[in-house]
Amino acid sequence: MRNNKNAKLIGIALAILGGFLIVFVAIGMIFTFGLKRSTVTPEARSLVENLGTKSEIDVVAELATLEQTEMQSQTQELAEVPSDGQIDIAAGQSEDQSAEASQVQVVDQNNEGQTNVADTSDQTAGQAASDQAASQDTTLESLIAEWNRQLDEDTVANLSEEEQIAVRSLFANTIFFGDSMTQAIGEYGFLDMSNIVYQRSATIDVLIGKVAEVAATFPKQVIIFTGLNDCNHYTEIADYRRDYVTMIEQLKAAIPGVKIVVSSLLPPSDALGQVRADLVRAPLFDQELRSICAENGVTYVDSTWIVRQGNYLDDGIHMNRTFYRVWFRYLLTLFGGQ
Amino acid sequence: MTGVILLLFLTVISLLWPSRRFSASERRNLSQRPTLSYEGLLDGSFSDDVESYLADQYPARDIWVYLNSLQNRLLGIDFQNGIYRGKDGYLIQRFDTTKIDAEKQTALASFLERHSDISSYLMLVPTTSWILADHLPTGAPQESEKDWYEKWLETSGLQNQENVTIVETAEELSAAAKEHQIYYRTDHHWTTYGASVGFEKLAEKMNLPYEKVDFEPVTVHTKFQGTMMSSSGFYSGTKDSIDLYLPKEPETLLVTNKEAQTTATTIYSEEGLLGNDPYEVFLGGNYGLLNIKTSSTSGRKLLLLKDSYANAMIGFLTPYFSEIDLVDPRYYSSDLEMQIAVGQYTDILILYNLQSFASDTSLSLVLGKETAE
């Protein structure tokens with residue numbers, strides 16, 4: 001009798017407890033996992049969504065037009081200022097540079113007759129680019145002669161602060177695109193990685209897959225600099241040409257109005273060339289690259305003259321900082337003259 | 001007897017209770033079940049992991065957090081994790097700083113001196129602990145944000161620097177707070193209305209042709225509960241609205257996240273609005289370097305060094321600047337000197353709320369960095 005009563009009480013207690021626990025678990029589950037219901041009305045959501053529906057391409061085009069109109073009104077204001085200070089590029093080309101210089105469509109804004117035989121003994125390109133007044137006597141020819149002398153004597157100086165600023169200003173809206181040759185630009189600190197899209201060991205067919213990434217920030221200019229991976233990868237140069245043209249076409253399609261510049265495919269070091277028969281074909285690829293560029297309205301910049309055996313890294317493929325210093329001075333002079 | 005059953009029951013339940021990765025109300029990732037390893041046992045990290053795992057994955061954790069805050073409320077406790085439960089549903093972060101950071105003052109002064117050719121503006125926005133001090137629980141002790149600010153400014157010497165304009169908004173915000181909501185109740189940010197009050201003062205100092213009527217507010221969120229609620233555990237029933245002030249004159253924007261290499265054509269983020277922290281509707285969060293190109297023909301280019309307070313104000317700036325670079329020093333990894341040399345800025349604005357400015361340690365690092373190839 002007594003046992004029965006106790007059992008009944010325990011039963012009731014257990015039932016109450018059990019009920020409580022079940023409710024507890026249920027509420028707990030709802031709290032833990034059920035709270036994600038949206039607190040934003042569909043109207044608000046679509047409102048915010050609609051703020052960003054303009055396509056990036058349209059916006060880039062619109063802003064570019066705006067900028068152009070502004071530039072025009074500014075140049076009109078500046079029209080009366082004499083252009084003595086401009087660096088002369090076209091007028092000073094030597095015979096062996098003229099082939100690429102004709103493709104480097106640099107407009108000579110200066111009066112050709114003004115070109116002087118320059119005394120460049122103490123001048124660097126950076127000063128030329130950033131301090132135009134001081135360099136009005138400088139020609140590309142004499143600059144290259146000076147750089148060649150510095151390369152031969154191994155006295156190439158670091159980029160000065162003015163030159164670094166000039167590089168970053170000039171290429172603020174440029175993406176450098178390529179393999180480890182391009183990666184080095186960032187690694188050496190000439191530019192931030194935000195100006196660089198690269199994939200190590202990439203061949204052109206792989207780089208085609210990175211075009212979207214290049215286009216993501218709508219650069220005004222793309223400078224392509226690749227190394228020897230292709231010489232190893234493509235047995236037929238025709239395949240190299242096919243992929244390269246595809247890449248150029250895709251870049252142009254993805255970035256309206258983009259200017260594409262290609263820097264030479266550099267040969268391997270002499271030492272590496274002796275043991276790697278495939279890489280010796282590099283000049284053939286480079287020759288092909290020139291004609292690809294010429295046929296596709298792309299600017300080709302010959303940078304093979306900067307190569308010195310002493311400036312290869314141990315692998316015989318990549319270049320040290322010295323190469324890039326001269327390379328950047330050259331690019332600054334080619335593209336930064338106005 | 002029941003106690004024992006309850007204990008056993010909870011133990012069993014906690015073992016069976018599914019693990020959760022993320023707590024939406026606390027806005028943090030929760031500890032996951034630790035893996036047993038010999039090294040872990042030896043150095044004691046395993047038992048630490050177990051402890052935090054059990055604490056984080058406790059069954060119905062959110063209920064307990066709520067019950068705890070309810071208990072605090074019943075007991076009359078209104079201070080948790082540096083936050084006061086103030087009047088009218090306002091959670092107020094206590095101002096704790098007494099130290100004047102001379103290093104930051106020097107870094108800032110010499111930075112602005114170095115760039116004396118650029119018009120610079122320093123705008124340190126008071127927070128609730130100053131403007132809504134009358135909402136604090138009666139007798140709640142705290143350091144005075146106002147005193148700290150005045151002392152900081154005086155000792156910094158920035159007022160006397162020629163190219164530097166100090167933009168003070170305390171009076172305007174205090175006046176506005178009587179009529180409108182200028183801070184969120186459960187979040188430490190200012191409302192977009194609050195930002196508009198601040199901007200009006202800034203526009204005056206910067207000579208921007210700002211007219212209130214050029215912007216139209218739209219409400220995009222009506223149930224906003226912010227991060228202060230989660231960090232204090234003071235669950236407040238009051239929910240706030242988030243408004244955007246859109247310019248009536250349509251504008252064209254290209255927003256580039258320089259580090260992630262992504263672009264957008266608006267400064268507002270749908271993803272942010274729907275995410276765990278709806279305040280991220282502004283810019284989608286905080287990033288090291290954002291570049292905004294606008295359709296403004298003003299020709300002015302702004303460098304904005306900022307914390308998250310600025311995010312709600314960007315919408316007011318875009319019509320008046322051709323280009324804006326937003327630098328959040330906490331996440332910025334580039335070289336600021338180089339960026340300024342390249343950027344050709346006409347204006348520099350340093351915009352922080354006073355609490356984050358007082359405790360910030362990243363700004364002076366970014367300002368003082370030196371360059372090299």
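For the structure, check the block above.
The structure displayed is predicted, hence computed values, not measured ones. (Residues numbered from 1 in each chain as written. Chains lettered and ligands numbered in written order. Predicted model: local features only at pLDDT ≥ 70, side-chain atom pairs only at ≥ 80, totals over all residues. Heavy atoms only, no water.)

Trainee: An account of the overall build of chain B is needed here, citing residue identities and associated values.
Mentor: The number of helices and strands found in chain B is 15 helices and 15 strands. By the compact-globule yardstick of 21 Å for 373 residues, chain B fits well, its C-alpha radius of gyration being 23 Å. Summarising its shape, the C-alpha atoms of chain B cover approximately 80 × 50 × 45 Å along the three principal directions. Per element, the accessible surface of chain B, about 16,600 Å² overall, is 51% carbon and sulfur. Charged side chains of chain B number 30 positive and 51 negative; the gap between the two group centres comes to 5 Å. (Helix = DSSP H or I, 4+ residues; strand = E, 2+ residues; numbered from the N terminus. Rg over C-alpha atoms; globule rule 2.2 N^0.38 Å. Areas by Shrake-Rupley, 256 points an atom, 1.4 Å probe, with all protein chains shown as cover. Lys, Arg positive; Asp, Glu negative; His and termini not counted. Charge placed at Lys NZ, Arg CZ, Asp CG, Glu CD.)

Trainee: Can you break down a nonpolar patch on the surface residue by residue, with the values?
Mentor: Where nonpolar side chains cluster on the molecular surface, the patch consists of Tyr58, Trp64, Tyr66, Leu67, Leu70 and Leu74 of chain B and spans about 560 Å² of accessible area. Mapping Leu67 of chain B onto the fold places it in helix α4 (residues 61-75). (Patch = residues over 30% accessible without salt bridge, like charges linked within 9 Å, V, L, I, M, F, W, Y side chains within 5 Å. Salt bridge = Lys/Arg side-chain N within 4 Å of Asp/Glu carboxyl O.)

Trainee: Give me a negative patch on the surface: which residues, what numbers.
Mentor: All names here are of chain B. On the surface, a cluster of negative charge is made up of Glu39, Asp43, Asp48, Asp49 and Glu51. In terms of residue count, the dominant contributor to the negative patch is helix α3 (residues 45-56) (three residues). Tracing the backbone shows Asp49 in helix α3. Residue Asp49 is classed as partly exposed on the basis of its relative accessible area, which comes to 36%. (Buried < 20%, exposed > 50% of the residue type's maximum accessible area, 1.4 Å probe, protein only.)

Trainee: Account for the sheet that holds strand β15 (residues 347-353) of chain B, naming residues and giving values.
Mentor: All names here are of chain B. Spatially, the eight strands line up as an open sheet ordered β7-β6-β15-β13-β14-β12-β10-β11, and their pairing is mixed. At either margin of the open sheet sits one strand with a lone partner, and together these are β7 (164-167) and β11 (262-264). Across the sheet, the mean angle separating the axes of adjacent strands is 20° when strand polarity is ignored. Here strand β12 (residues 289-294) runs beside strand β14 (residues 323-327); their pairing, made up of five bridges, is antiparallel. Among the inter-strand pairings, Ile292 is bridged to a residue of β14, identified as Ile324. In this fold helix α5 (residues 102-114) packs onto β6 (119-125), β7, β13 (301-306) and β15, with an angle of close to 160° to the strand it touches most, β15. Contacting β6, β7, β13 and β15, helix α9 (residues 192-206) runs over the sheet at an angle of about 160° to β6. (Pairing = 2+ DSSP bridges. Axes fitted to C-alpha atoms, helices over the stretch in contact; angles between N-to-C directions. Contact = heavy atoms within 4.5 Å.)

Trainee: With reference to specific residues and values, describe the packing of α5 of chain B against helix α7 (residues 145-156) of chain B.
Mentor: Residues and elements named next belong to chain B. Two elements in contact, α5 and α7, have axes separated by 10 Å at closest approach and are oriented at 50°. With respect to each other, α5 and α7 are oriented oblique. Crossing handedness for the pair α5 and α7: right-handed. The segment α5 lies against α7, with Gln105, Leu108 and Ala109 engaging Trp152, Thr155 and Ser156. (Parallel < 35°, antiparallel > 145°, perpendicular 65-115°, else oblique. Left-handed = near helix turned anticlockwise from the far one by under 90°.)

Geometry only, nothing functional implied.
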